[in-house]
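Inside the fold
Residue strings, one per chain:
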Amino acid sequence: MSPARDENDAPAAPGEPATVGMLLRRLRENRGLTQEAVSLETRIPVASIRRIEENRFAELPGEVFVRGFLRAYARAVGADPVRVMTVYVSEEQAPPDRV
């Protein structure tokens, strides 16, 4: 029997979130938080929260901001920021048709 997966683990199995944005959204929703609540806690604009959840990173201010936003968002929803960044980096390095 395989070990139980922690909700902070990166998505890997069928039925789990396929992208970092989907992962963060799922964790936010599981905690009963709105996008507005995450925005207030992290000081990330709501529009940027939406873009993160939709994996529209090119529409954010720049890579430095994207990484800071992801770390802050991860902390706000109880995820491991290092793990979230690992998922993000792996997505960014993946061929476009994979994600």
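Let us look at the structure shown here. The residue numbers shown here count from 1 along each chain, following its written sequence. The predicted nature of this model means local features are confined to residues of pLDDT at least 70 and side-chain atom pairs, given and counted, to a pLDDT of 80 or more, with totals for whole chains, interfaces and linings taken over all residues. Side-chain calculation: all heavy atoms of the structure are included, whereas hydrogens and water are not.

A few points about the overall build of the protein
Heads up, the rule is: Numbering goes from the N terminus for both helices and strands, where a helix is a DSSP run of H or I of at least four residues and a strand is a run of E of at least two. For every residue, the accessible area (1.4 Å probe, protein chains only) is compared with the maximum for its type, and the residue is labelled buried under 20%, exposed over 50%, or partly exposed between those bounds. Pairs of residues are marked as contacts when any of their non-hydrogen atoms sit within 4.5 Å. A 1.4 Å probe and the Shrake-Rupley method give the accessible areas. Residues count as covered only by the protein chains that appear here.
Across its full length, the protein carries 5 helices and 0 strands. Going from N to C terminus, the protein has its helices and strands arranged as α-α-α-α-α. Out of the 99 residues belonging to the protein, those deemed buried represent 37%. For the protein, contacts bridging at least 24 residues in sequence account for 50% of all contacts bridging at least 6. When the accessible surface of the protein is split by element, carbon and sulfur atoms take 53% of a total near 6000 Å².

Considerations on the nonpolar core
We count it as follows: Joining through side-chain atoms within 4.5 Å is the link that ties buried Ala, Val, Leu, Ile, Met, Phe, Trp, Tyr and Cys residues into a set, and such a set is a nonpolar core.
Membership of the largest hydrophobic core comes to 23 residues, with the highest contact counts inside it found for Leu24, Ile52, Phe57, Leu70 and Tyr73. When residues of this core are traced back to their parent elements, those giving at least two are helix H1 (20-30), helix H3 (46-53), helix H4 (63-76) and helix H5 (81-93). Here the element with the most residues in this core is H4; it accounts for 7 residues. Among all residues touching phenylalanine 57, those that are not within four sequence positions of it are Val20, Ile52, Val66, Leu70, Tyr88 and Glu92.

Remarks on the side chain of threonine 42
We apply this condition: Side-chain atoms alone can form a polar contact between residues adjacent in sequence; in general such a contact is a pair of N or O atoms within 3.5 Å, and within protein one must be able to donate a hydrogen while the other accepts it.
Within the element layout of this structure, threonine 42 appears in helix H2 (residues 35-42). Relative accessible area serves as the criterion here: at 15%, threonine 42 is assigned to the buried category. Within polar-contact distance, the side chain of threonine 42 engages the backbone nitrogen of isoleucine 44 at 3.2 Å. Once residues lying within four places of it in the same chain are set aside, the contact partners of threonine 42 are Ile49, Ala72, Tyr73 and Ala76.

Regarding H1
Short version of the rule: The directions from the helix axis to the C-beta atoms form the arc being described.
Every buried residue belonging to H1 is among Val20, Gly21, Leu23, Leu24, Leu27 and Arg28, and all of these are buried. The arc enclosing the buried residues of H1, seen along the axis, measures out at 160°, which places them on a common side. Looking at the buried positions of H1, the neighbouring elements they touch are H2, H3, H4 and H5. Glycine 32 lies just past H1 and shows a positive phi near 75°.

Here's the deal with H2
If you check which residues of H2 are buried, you get Gln35, Val38, Ser39 and Thr42. Buried residues of H2 fall within an arc of 105° about the axis and therefore sit on the same side. Among the exposed residues of H2, those oriented more than 90 degrees off its buried face are Leu40 and Glu41. Where H2 terminates, the next one or two residues include arginine 43, which has phi positive at roughly 65°.

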